[in-house]
Amino acid sequence: MKKKVASSYHWRWRIGLLLSVLVLMVMFLKLQTFLMLPQRSFTHWQPASLNRRIAFLFLARNRMPLDIVWERFFQSAVEVNFSVYIHSRPGFVYSKKTTKCSFFYNRQLGNSILVDWGGASMIEAEHLLLAEALRNPENERFVLLSDSCIPLYNFTYTYEYIMSSPKSFVDSFLDRKENRYNPKMDPIIQRDKWRKGSQWFSLLRRHAEVVAFDKTILPVFQKHCKRRPLPEFWWQHNTFGDPSKEHNCIPDEHYVQTLLAIHGFENETERRTLIYTLWNQSAKNRERKGWHPVTFTYSDACPKLIQDIKSIESVYYETEYRTEWCSSSGKSQPCFLFARKFTREGAVRLLNEAV
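Residues numbered from 1 in each chain as written. Predicted model: local features only at pLDDT ≥ 70, side-chain atom pairs only at ≥ 80, totals over all residues. Heavy atoms only, no water.

Colleague: Just give me the short version of the state of the cysteines, but keep the residues and values in it.
Modeller: Applying the stated criterion across every chain yields a total of two disulfides. Covalent S-S linkage joins cysteine 225 and cysteine 249, the inter-sulfur distance amounting to 1.8 Å. Classification of the bridge connecting cysteine 225 and cysteine 249 rests on its S-S torsion, roughly -80 degrees, and on that basis the disulfide is left-handed. Of the two residues, cysteine 225 sits in the loop between helix H6 (217-224) and helix H7 (255-262) while cysteine 249 sits in the loop between H6 and H7, which places them 24 residues apart along the sequence. Across the pair, cysteine 249 and cysteine 225 agree in class, each one buried. (Disulfide = S-S within 2.5 Å. Helix = DSSP H or I, 4+ residues; strand = E, 2+ residues; numbered from the N terminus. Buried < 20%, exposed > 50% of the residue type's maximum accessible area, 1.4 Å probe, protein only.)

Structure, rendered in structure tokens:
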């Protein structure tokens, strides 16, 4: 009887030892597998930045004619609250010799391109500006400006106005009059997503990423949205039939608005621009009417003009019978933070009169 008990105990001990060995082997194999897996690297992790910047994106030809205005504007700012990027002609460098604004020094893009007014190259330049500005994770807002823009308020007011809004500012409305939509764009760009508006925007970072890295909509614009030449240049184009009947499309007046509509972001935008422009509606020649904004010269640039622009509290969109009231958190506020087009002489007058 004792022999049987001892034998049973002996086998139980062996089985227990074997199970223990198996458990250790399984644990060892799991450890080995874990060590062989590629480990997550934390070398690129950075804490959230405390700096919240506005990226000011300038589309310029060569020199910045209103640099003296921007020098005063940025002087009142805290430098960690803004960044500056300029797209000018290739090879042009901003330095003490070429600009009086120290905040423009070496802020030109190194990969700029030649831009044709009214052509798709304008959109490509916007892409380059946004892509460069997006490299800085501190940039949260992206404001596109022309070289003829002036700020209407000081930096603090401008910064708080833009940063306090949870939305982008993109001038956008239905194109029901000029019929610039080209049916050849379908199905990538459908007619019900086609929009028109000013090219000058203020974008949230996620919207800026959509624009900068778009590889689908831009090629369609490059192919099917082209500006009809002005009448004095018709003779240079070998076209059949009446040149005035050619399809006319200005890419930069449709691209960002249409792209955001396609992505379903219209409810995340204020459908108005922050840059005031007065379009010439007095041109007798229909082909030229509305092609260029009014330029404010020395005689125009007076305190009353600036005050009149600042007092605008709504924008009416005729094609939609829509009045866009400018407000924030239910409170009325001025519609515009910037204005164009101003000559250098006009800007000097405004500075001298301390407007």
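Colleague: A description of the nonpolar core should follow, citing residues and the corresponding values.
Modeller: It is characteristic of soluble globular proteins that their nonpolar side chains tend to be buried jointly. Residues Phe56, Trp70, Phe104 and Phe342 are the most contacted members of the largest nonpolar core, which totals 91 residues. For this core, the element with the highest residue contribution is helix H3 (residues 121-133), accounting for seven residues. The residues touching phenylalanine 104, leaving out its near neighbours within four places in the chain, are Phe58, Met64, Asp67, Trp70, Phe74, Val84, Ile86, Tyr94 and Thr99. (Core = buried A, V, L, I, M, F, W, Y, C linked by side-chain atoms within 4.5 Å. Contact = heavy atoms within 4.5 Å.)

Colleague: Pulling in residues and values, what's your account of the packing of H3 against H6?
Modeller: Relative orientation of the contacting elements H3 and H6 amounts to 155 degrees, with a least axis distance of 10 Å. When the axes of H3 and H6 are compared, the pair comes out roughly antiparallel. Facing H3, whose interface residues are Ile123, Glu124 and His127, H6 presents Leu218, Phe221 and Gln222. (Axes fitted to C-alpha atoms, helices over the stretch in contact; angles between N-to-C directions. Parallel < 35°, antiparallel > 145°, perpendicular 65-115°, else oblique.)

Colleague: Kindly report on the pattern of salt bridges, identifying the contributing residues and their values.
Modeller: Summed over the entire model, instances satisfying the criterion amount to 16 salt bridges. Across the pair arginine 205 and glutamate 209 runs a salt bridge whose closest N-O atoms are separated by 3.7 Å. One end of the pair, arginine 205, and the other, glutamate 209, are both in helix H5 (residues 205-212), four residues apart, so they sit about a helical turn from each other. Glutamate 209 sits in the partly exposed class, given a relative accessible area of 35%. Counted as one network, the salt bridges with shared partners bring together Arg271, Glu320, Arg322 and Glu324. (Salt bridge = Lys/Arg side-chain N within 4 Å of Asp/Glu carboxyl O.)

Colleague: Lay out the sheet that holds strand S10 (residues 275-277) with the relevant residues and their values.
Modeller: Spatially, S4-S15-S10 is the arrangement adopted by the three strands of the open sheet, whose pairing is mixed. Edge strands, defined here as strands with exactly one partner in the open sheet, are strand S4 (150-151) and S10. Pairing between S4 and strand S15 (residues 338-340): two bridges, direction antiparallel. Bridged to isoleucine 150 within S15 is alanine 339. (Pairing = 2+ DSSP bridges.)

Colleague: Outline the packing of aromatic side chains, listing residues and values.
Modeller: Within this structure, the stated rule accounts for 26 aromatic pairs. Ring centres 6.1 Å apart and planes at 50 degrees place the aromatic pair tyrosine 157 and tyrosine 161 in the tilted group. Placement of the pair is tyrosine 157 and tyrosine 161 together in helix H4 (residues 155-163), with a separation of four residues, close to one helical turn. You can call tyrosine 161 buried: its relative accessible area is 5%. Sitting over the ring of tyrosine 153, lysine 310 keeps its end group 4.6 Å from the ring centre. (Phe/Tyr/Trp six-rings, centres within 6.5 Å; stacked < 30°, edge-to-face > 60°. Lys NZ or Arg CZ within 6 Å of the ring centre and 35° of its normal.)

Colleague: Break down the side chain of aspartate 214 for me, citing the residues and quoting the values.
Modeller: Among the secondary structure elements, aspartate 214 is positioned in the loop between H5 and H6. At 8.4 Å, lysine 215 is the nearest oppositely charged side chain to aspartate 214, a buried residue that forms no salt bridge. Separated by 3.0 Å, the side chain of aspartate 214 and the backbone nitrogen of threonine 216 make a polar contact. Of the polar contacts made by the side chain of aspartate 214, one reaches the backbone nitrogen of isoleucine 217; its length is 3.0 Å. When sequence neighbours within four positions are dropped, the list of residues in contact with aspartate 214 reads His127, Tyr255 and Leu259. (Lys, Arg positive; Asp, Glu negative; His and termini not counted. Polar contact = N/O pair within 3.5 Å; in protein donor to acceptor, adjacent residues only side chain to side chain.)

Colleague: Which residues make up unusual backbone geometry, and what are the values?
Modeller: Cis geometry marks the peptide bond from aspartate 186 to proline 187; its omega dihedral reads 10 degrees. Along the chain, proline 187 turns up in the loop between strand S6 (173-174) and strand S7 (195-196). The step from arginine 340 to lysine 341 runs through a cis peptide bond, and the omega angle for that step is 0 degrees. Tracing the backbone through its elements, the reader meets lysine 341 in the loop between S15 and helix H9 (344-352). Even without being a glycine, tyrosine 321 presents a positive backbone phi close to 50 degrees. Along the chain, tyrosine 321 falls in the loop between strand S11 (314-317) and strand S12 (322-325). Assessed through its relative accessible area of 68%, tyrosine 321 is described here as exposed.

Colleague: Tell me what's going on with the pairing of strand S2 (residues 82-87), and back it up with residues and numbers.
Modeller: Counting buried positions over the six residues of S2 gives six, a clear majority of the element. Of the two faces of S2, the one lined by Phe82, Val84 and Ile86 and the one lined by Ser83, Tyr85 and His87 are each fully buried. For strand S1 (residues 53-59) and S2, the ladder comprises six bridges, and the chain directions are parallel. Of the residues in S2, the one forming a bridge with isoleucine 54 is phenylalanine 82. On the question of chirality, the crossover connecting S1 to the parallel S2 by way of helix H2 (residues 67-75) is right-handed. (Right-handed = clockwise from strand over helix to strand, strands pointing away.)

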